[in-house]
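Given next are the chains, with one letter for each unit.
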Amino acid sequence: MVDLRFLCDQARLGERAGLSQRRGIYLALREAIADGRLPAGSVLPATRSLACELSVARNSLIYAYEQLAAEGYVQATRQGTVVRAWARASLAQASAGGSKAGQETPSHGQTSRRAGAWQRFRSPDDDLKPFMPGVPAMDALPLQAWRKAMDRAARCLRGSDLGYRDARGEPELRQAIATYVQASRGVRCHADQVVVTQGTQDSLNLCAQLLADVGDLAWIEHPGYGGARVALSLAGLQLQPITVDAEGMAVPPAWWNERPPRLIYLTPSHQYPLGSVLTWPRRMSLIDGAWRCGAWILEDDYDSEFRHDGPPLAAMQGLVDDAPVVYLGTFSKSLFPALRLGYMVLPQGLMDRLAPSINALVRGGRPQSQLALAEFINEGAFTRHLRRMRRLYWERQQALREAWRVHWPWPSALLGGECGMHLTVAGCPLSDQVLADEALKQGLSPRPLSAYSTGGVEGFEGLVLGYANVPAEDMARYVAHLARVTSGLLRASSTEKTAHHWPADQRSRPS
């Protein structure tokens, strides 16, 4: 038998720490096994006699013994409860995290090269700081109308609605989306062609897995959306960056034969991040080329609702019958990011072939949010919200332009602005990455334009400034703050770097 009188002191310490008596005794016994005070083969006293000796509740001891037995540290034998031979080594290894100090993590604990290549260290709070691109006006959300829609959707749910749902999404939402994109974007579709996703990134992941094989070539915009690079790269595709100019993606004609793509990723209505609009001749050329080489165009229409220069442009998907286009949309920009709802519109023939695969890869759910969004669209609340946001974003963009003119002393040009929620600054008086990093420390969140380049390809220098989530009355203060941060960095470095060369047609665009 072993002396377990130390359990009383340990249990009292546990109680002072907020633990129950039985939990404190269990942890004390477990620690004694780990540090060798209870070596292998030790026979623990019977609970009845030990309870009397220590003046503790017998049930607390029974719990501790049973818990240790369940975890494999002791076992009941004819001689009594015995510490198992491997228990100490197992506990010591767990406490050390599976390796000794100074040793490398064992091979079974290593992560993939992909995990090291794609990392994001920004916090959700960083994404709400002024000038973060892609964040809508969080101070102007239609919260009251949205709460009412969610409440009504919750009241309509039955128990049977809470099982696994249709992988393509709730029928009511798919119909609402189809009706909306037909009327507002000229998309040719019906509800059976719509797949509800968790946002554009989820849509891109599905497209990369279902429409291409490892080693296939994907054309992407340069500079362009980093999320597309992540999705396509993780699916094993080779990336071919194609430079964007004032008319959108500029494809060298010979590449259709020399480097035929399997996928073509585009943001034609408002190129991200430069803001150019893909011209009609280039749209038709891309559709024709995709037909000839058997490629699929992924049309990301991420913020086309917020066009400030006339009505929204028609989507590429609707320019011709049965266009080889998968149309991607999201409610993260038009409503709010935490909603995590987006959608794809697939050609009917493609949907027929992929429906079983989508059913295998996707588990449908979140019926309350989907039904609430369907009502929000059908009742006109979504359209009213978009009208308000278009006016608000136009005011905030004009405030940014004026503040930039007054407070930014270095040569630059503001690109884009016909649509969306951000402006791009062409040119930077120092490294745009250094400036963005320091600005983040100082409470601002502009993004460096160079971060939108594809690795190994010469990039542009500048800043991407989101204005949607910055009140107009605060714009001048934040731009002046960014200018002070820049001045401080220039003084610290003592030598001002020359802005990266920009194509003449973009450098000359008025701000």
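Check the entry above for the structure.
Rules behind the numbers
- Residues numbered from 1 in each chain as written.
- Predicted model: local features only at pLDDT ≥ 70, side-chain atom pairs only at ≥ 80, totals over all residues.
- Heavy atoms only, no water.
- Helix = DSSP H or I, 4+ residues; strand = E, 2+ residues; numbered from the N terminus.
- Expected span 1.5 Å × (residues − 1).
- Buried < 20%, exposed > 50% of the residue type's maximum accessible area, 1.4 Å probe, protein only.
- Arc of directions from axis to C-beta.
- Pairing = 2+ DSSP bridges.
- Contact = heavy atoms within 4.5 Å.
- Axes fitted to C-alpha atoms, helices over the stretch in contact; angles between N-to-C directions.
- Parallel < 35°, antiparallel > 145°, perpendicular 65-115°, else oblique.
- Left-handed = near helix turned anticlockwise from the far one by under 90°.
- Nonpolar A, V, L, I, M, F, W, Y, C, P; charged D, E, K, R; others polar.

Student: Sorry, what's going on with helix H12 (residues 280-293) here?
Tutor: Because the α-helix completes a turn every 3.6 residues, residues three or four places apart line up on one side. For H12, spanning 14 residues, the distance from its first C-alpha to its last is 20 Å, which sits close to the expected 20 Å at 1.5 Å a residue. Every buried residue belonging to H12 is among Arg282, Arg283, Leu286, Ile287, Gly289 and Ala290, and all of these are buried. Seen from one end, H12 has its buried residues packed into an arc of 165°, which puts them on one side. Those residues of H12 that are exposed and aimed more than 90 degrees away from the buried face are Trp280, Pro281 and Arg292.

Student: What's the story with the pairing of strand E13 (residues 422-426) in this structure? I'm lost.
Tutor: On a regular strand, each side chain points to the face opposite its neighbour's, so the side chains alternate between the two faces of the sheet. Counting buried positions along E13 yields 5 of 5 residues, so the element is predominantly enclosed. Burial of E13 is two-sided: the residues His422, Thr424 and Ala426 facing one way and the residues Leu423 and Val425 facing the other way are all buried. Pairing between strand E12 (residues 413-415) and E13: 3 bridges, direction antiparallel. Across the sheet, the residue bridging to leucine 415 is threonine 424, located in E13.

Student: Just checking my understanding: could you explain helix H7 (residues 143-156) for this structure?
Tutor: Counted at 1.5 Å a residue, the expected span for H7 with its 14 residues is 20 Å, and the 20 Å between its end C-alpha atoms agrees. All of the buried residues in H7 are Trp146, Ala149, Met150 and Ala153. Viewed along the axis of H7, the buried residues span an arc of 100°, placing them on a single side of the element. Away from its buried face, by an angle of more than 90 degrees, H7 presents the exposed residues Gln144, Arg147 and Arg155. Where H7 is buried, its residues touch helix H14 (367-378).

Student: Whenever I open this one, the sheet that holds E13 confuses me. Can you help?
Tutor: Remark on secondary structure: sheet strands pair via backbone hydrogen bonds, oriented parallel or antiparallel. Taking strand neighbours across the sheet as the criterion, the 4 strands line up as E12-E13-E15-E14 in an open arrangement whose pairing is antiparallel. At either end of the open sheet lies a strand with only one pairing partner, and these are E12 and strand E14 (447-448). Helix H15 (residues 381-407) contacts E12, E13 and strand E15 (462-466) of the sheet and is inclined by roughly 25° relative to E13.

Student: It is not clear to me how the pairing of strand E2 (residues 74-77) should be interpreted in this structure. Could you clarify?
Tutor: Note that E2 and strand E3 (residues 80-83) share 4 bridges and pair antiparallel. Looking across to E3, one finds that glutamine 75 is bridged to valine 82. What sits between E2 and E3 in their antiparallel hairpin is a turn of 2 residues.

Student: Explain the packing of H15 against helix H17 (residues 475-493) here, please?
Tutor: When two helices pack together, their arrangement is captured by the angle between the axes and the distance separating the axes. Contact pair H15 / H17: the axes reach a minimum separation of 9 Å and the direction vectors enclose 40°. Taken together, the axis directions place H15 and H17 in an arrangement best described as oblique. In this structure, the crossing between H15 and H17 has a hand that is right-handed. Between H15 and H17, the contacting residues are Arg396, Ala399, Leu400, Ala403, Trp404 and His407 on the first element and Met475, Ala476, Val479, Ala480, Leu482 and Ala483 on the second. Partitioned by chemical class, the residues of the contact of H15 with H17 number 10 nonpolar, 1 polar and 1 charged.

Coordinates in, geometry out; function isn't part of it.
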